[in-house]
Amino acid sequence: MTHTELIKQEAKRLGFDHCGTSKAEFLEEEAPRLEKWLQENRHGQMTYMENHFDKRLNPCLLVEGAKSVISLLLNYYPSESQTDPEAPKISKYAYGKDYHTVIKEKLKQLYQFIKTNIGEVNGRVFVDSAPVMDKAWAKRSGLGWIGKNSNLINKKSGSFFFIAELITDLELEYDGAIKDYCGNCTRCIDACPTDAIVDPYLVDGSKCISYFTIELKEKIPSEYKGHFNNWAFGCDICQDVCPWNRFSKPTSESMFFPSAEVLDMKKKDWMELTEDVFDKMFKDSALKRAKFSGLQRNLHFLTS
């Protein structure tokens, strides 16, 4: 068994749904697109996107002597959804435990496996923790194509995945990119209530409901009143309407299993939520990123 096959086998054993490899090199194709996107202020107040521009495009600046990017996907698609149709909606990825913790632990185990079974290699694991263009690397690793909604789409499994990377100085066999299967479909563009998908494959992050409900720290602009479709944290609209997500299957990762307590919350429960209850219910959830004050702002925006 080759090193690449060994790594992919272990990734599967650890619970990752897909694993692919690509050569660690400068992202020449993505560089001008990223620069233009930033110049047009599509990132809004996500000023961290402006930082480490060179590192975002060159993995060798993140890991000395980098030769390979190992990309991994972990499915979070839930088996159940919120029970009250009138309750403020939260993105499916926030139903269970915070993915950063869950995935980082698996990545560390994979890295340790490589060092134990292959040899002492230099590497670093990434889960939204550094300037890494995860979708670009996943695409190069043959794990899917970038859809018109800018999400990575896998032909067999849809797009409800977390993406993670292990960048290493180990030389591997590389997977190639696959073709784009979006075709003439524009469902994601047509469905976006804030017109954030300004062109096919171009998302204005500063108009996205996820941006407003998670990243934006100030008041939500009043012109978007009535356009949130009751989303209080994140948004799944462009994924929910994607035909490829008919192939989505419920996650087998128990840490991502939905919390019944959260799914059964009525509209009244959300509106009467106290900070103490928020801290208790969402201490291990991605919702804590919005903080209690942010969630309160979002709920008020939906109902006022």
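In this numbering scheme, every chain counts its residues from 1 along its sequence in written order. Residue-level local features of this predicted model are given only where pLDDT is at least 70; pairs of side-chain atoms are given and counted only at 80 or more, and the full residue set underlies all totals for whole chains, interfaces and linings. Values reported for side chains reflect all heavy atoms of the structure, with hydrogen atoms and water molecules removed beforehand.

Draft legend 1. Layout of the overall build of the protein. When its secondary structure is counted, the protein shows 12 helices and 10 strands. C-alpha atoms define the radius of gyration in this analysis, and the globule rule sets the expected value at 2.2 Å times the number of residues to the power 0.38. Taking 2.2 N^0.38 as the reference for a compact globule, 304 residues should give roughly 19 Å; the C-alpha atoms of the protein span a radius of gyration of 20 Å, in line with that estimate. Projected onto its principal axes, the C-alpha positions of the protein cover 60 × 40 × 35 Å. Carbon together with sulfur atoms contributes 49% to the accessible area of the protein, which is approximately 15000 Å² in total. The averaged location of the 44 negative side-chain charges in the protein is 2 Å from the averaged location of its 41 positive side-chain charges. Labels follow the DSSP assignment, with helices taken as runs of H or I lasting at least four residues and strands as runs of E lasting at least two, numbered in each case from the N terminus. Per-residue and other accessible areas follow the Shrake-Rupley method at a 1.4 Å probe size, with only the shown protein chains counted as cover for residues. We treat Lys and Arg as the positive residues and Asp and Glu as the negative residues; His and chain ends play no part in the count. Lysine's charge is taken at NZ, arginine's at CZ, aspartate's at CG and glutamate's at CD.

Draft legend 2. Expanded view of the packing of helix 1 (residues 3-13) against helix 4 (residues 99-117). Structural elements are reduced to axes, namely lines fitted to C-alpha atoms, with helices fitted over the stretch in contact, and the angle between N-to-C directions of any two is expressed from 0 to 180 degrees. Between helix 1 and helix 4, the shortest axis-to-axis distance is 10 Å and the interhelical angle comes to 145 degrees. Taken as a pair, helix 1 and helix 4 cross one another with a handedness that is right-handed. Across the interface between the two elements, Leu6, Ile7, Glu10 and Ala11 of helix 1 pack against Leu110, Phe113, Ile114 and Asn117 of helix 4. For this classification, the nonpolar set comprises Ala, Val, Leu, Ile, Met, Phe, Trp, Tyr, Cys and Pro, the charged set comprises Asp, Glu, Lys and Arg, and every other residue, Gly included, is treated as polar. Looking at side-chain class alone, the contact of helix 1 with helix 4 contains 6 nonpolar, 1 polar and 1 charged residues. Throughout, a crossing is termed right-handed when the near helix is turned clockwise from the far one, and left-handed when it is turned anticlockwise from it by less than a right angle. It only takes one pair of heavy atoms within 4.5 Å for two residues to be counted as in contact.

Draft legend 3. Spotlight on the packing of aromatic side chains. Pairing of aromatic rings covers Phe, Tyr and Trp, the last counted by its six-membered ring, and requires centre-to-centre distances within 6.5 Å; plane angles under 30 degrees mean stacked, over 60 mean edge-to-face, and any other angle means tilted. According to the stated counting rule, one finds 20 aromatic pairs in the structure shown. Ring centres of tryptophan 145 and tryptophan 244 lie 5.3 Å apart, and the angle between their planes is 80 degrees; on these two criteria the pair is classed as edge-to-face. Of the two residues, tryptophan 145 sits in strand 5 (residues 145-146) while tryptophan 244 sits in the loop between helix 8 (237-240) and helix 9 (260-263), which places them 99 residues apart along the sequence. Taken together, the ring pairs connect Tyr76, Tyr77, Tyr93, Tyr99, Phe160, Phe162, Phe233 and Phe256 into an aromatic cluster. When the ring centre of tyrosine 111 is taken as origin, the NZ or CZ atom of lysine 115, which lies over that ring, is 4.4 Å away. Placement of a charge over a ring requires the Lys NZ or Arg CZ to be within 6 Å of the ring centre, with the centre-to-atom vector within 35 degrees of the ring normal.

Draft legend 4. Up close: the pattern of salt bridges. A side-chain nitrogen of Lys or Arg and a carboxyl oxygen of Asp or Glu constitute a salt bridge if their distance falls within 4 Å. For the structure on display, the rule yields 14 salt bridges. For arginine 42, the salt bridge identified is with aspartate 204, shortest N-O distance 3.2 Å. Taken together, the residues span a long stretch of sequence, with arginine 42 in the loop between helix 2 (30-39) and helix 3 (53-57) and aspartate 204 in the loop between strand 9 (202-203) and helix 7 (209-215) at a distance of 162 residues. The exposure classification of arginine 42 matches that of aspartate 204, with both residues buried. Throughout, exposure labels follow a simple rule: accessible area from a 1.4 Å probe, protein chains only, divided by the maximum for the residue type, with under 20% read as buried, over 50% as exposed, and the rest as partly exposed.

Draft legend 5. Local environment of the pairing of strand 1 (residues 18-23). Burial within strand 1 is extensive, with 5 of its 6 residues counted as buried. As paired elements, strand 1 and strand 2 (residues 68-75) share 6 bridges and run antiparallel to each other. From the neighbouring strand, threonine 21 faces strand 2, where its bridge partner is isoleucine 70. At least two DSSP bridges between two strands are required for those strands to pair.

Draft legend 6. How the structure looks around the layout of surface pockets. Put simply, the grid is 1 Å and covers the protein atoms alone, a cavity is a trapped set of points that fit a 1.4 Å probe, a pocket is an open set with protein on both sides within 12 Å along at least five of seven lines, and lining residues have an atom within 4 Å of a point. Grid points are joined across faces, edges and corners, and a volume is the space filled by probe spheres set on the points. Its boundaries defined by the atoms lining it, the second largest pocket holds a volume of some 230 Å³. Here the lining of the second largest pocket is built from residues that sort into 8 nonpolar, 4 polar and 5 charged.

Draft legend 7. Highlighting the nonpolar core. Throughout this description, the term nonpolar core refers to a set of buried Ala, Val, Leu, Ile, Met, Phe, Trp, Tyr and Cys residues connected via side-chain atoms within 4.5 Å. Among the nonpolar cores identified, the biggest contains 51 residues, and Ile103, Ile114, Trp270 and Phe282 are the most heavily contacted of them. Apart from residues no more than four positions distant in its own chain, phenylalanine 282 is found in contact with Val262, Met265, Trp270, Leu273, Leu287 and Lys288. With 30 residues, the next largest nonpolar core counts Trp37, Leu57, Ile209 and Tyr211 among its residues.

Draft legend 8. Structural detail: the sheet that holds strand 2. The 4 strands are arranged 1-2-7-4 in an open sheet whose pairing can be described as antiparallel. The sheet is open, and its two borders are formed by strand 1 and strand 4 (123-126), each paired with just one other strand. Each strand of the sheet is rotated relative to its neighbour by a mean of 20 degrees, with strand direction disregarded. In this fold helix 1 packs onto strand 1 and strand 2, with an angle of close to 145 degrees to the strand it touches most, strand 1. Where helix 4 meets the sheet, it contacts strand 2, strand 4 and strand 7 (161-168), and its direction lies at approximately 35 degrees from that of strand 7.

Draft legend 9. Geometry of helix 4. In this analysis, the expected span of each helix is defined as 1.5 Å times one less than the number of residues it contains. Its 19 residues give helix 4 an end-to-end C-alpha distance of 27 Å, which sits within 8% of 27 Å, the value for a rise of 1.5 Å per residue. Taken residue by residue, helix 4 has Tyr99, Val102, Ile103, Lys106, Leu107, Leu110, Tyr111, Phe113 and Ile114 as its buried positions. For helix 4, the arc enclosing every buried residue in end-on projection is 165 degrees, short of the 170-degree limit, so these residues lie on one face. Exposed side chains of helix 4 directed beyond 90 degrees from the buried face belong to Thr101 and Thr116. Contact partners of the buried residues in helix 4: helix 1, strand 2, strand 4 and strand 7. Note on helix 4: the residue one or two positions beyond its end, glycine 119, has a positive phi of about 145 degrees. It is the directions from the helix axis to the C-beta atoms that the arc portrays.

Draft legend 10. Fine view of unusual backbone geometry. Not every positive phi belongs to a glycine, and asparagine 41 is a case in point at roughly 60 degrees. With respect to the element layout, asparagine 41 can be found in the loop between helix 2 and helix 3. The backbone phi angle of aspartate 195 is positive, close to 55 degrees, even though this residue is not glycine.

Draft legend 11. Here's a closer look at the pairing of strand 2. The buried fraction of strand 2 amounts to 8 of the 8 residues, a majority that puts the element mostly inside the structure. Side chains Ser68, Ile70, Leu72 and Leu74 project from strand 2 onto one buried face, and the interleaved Val69, Ser71, Leu73 and Asn75 project onto a second face that is buried too. Note that strand 2 and strand 7 share 8 bridges and pair antiparallel. In the sheet register, serine 68 faces strand 7, and the bridge partner there is threonine 168.

Distances and angles like these do not, on their own, reveal function.
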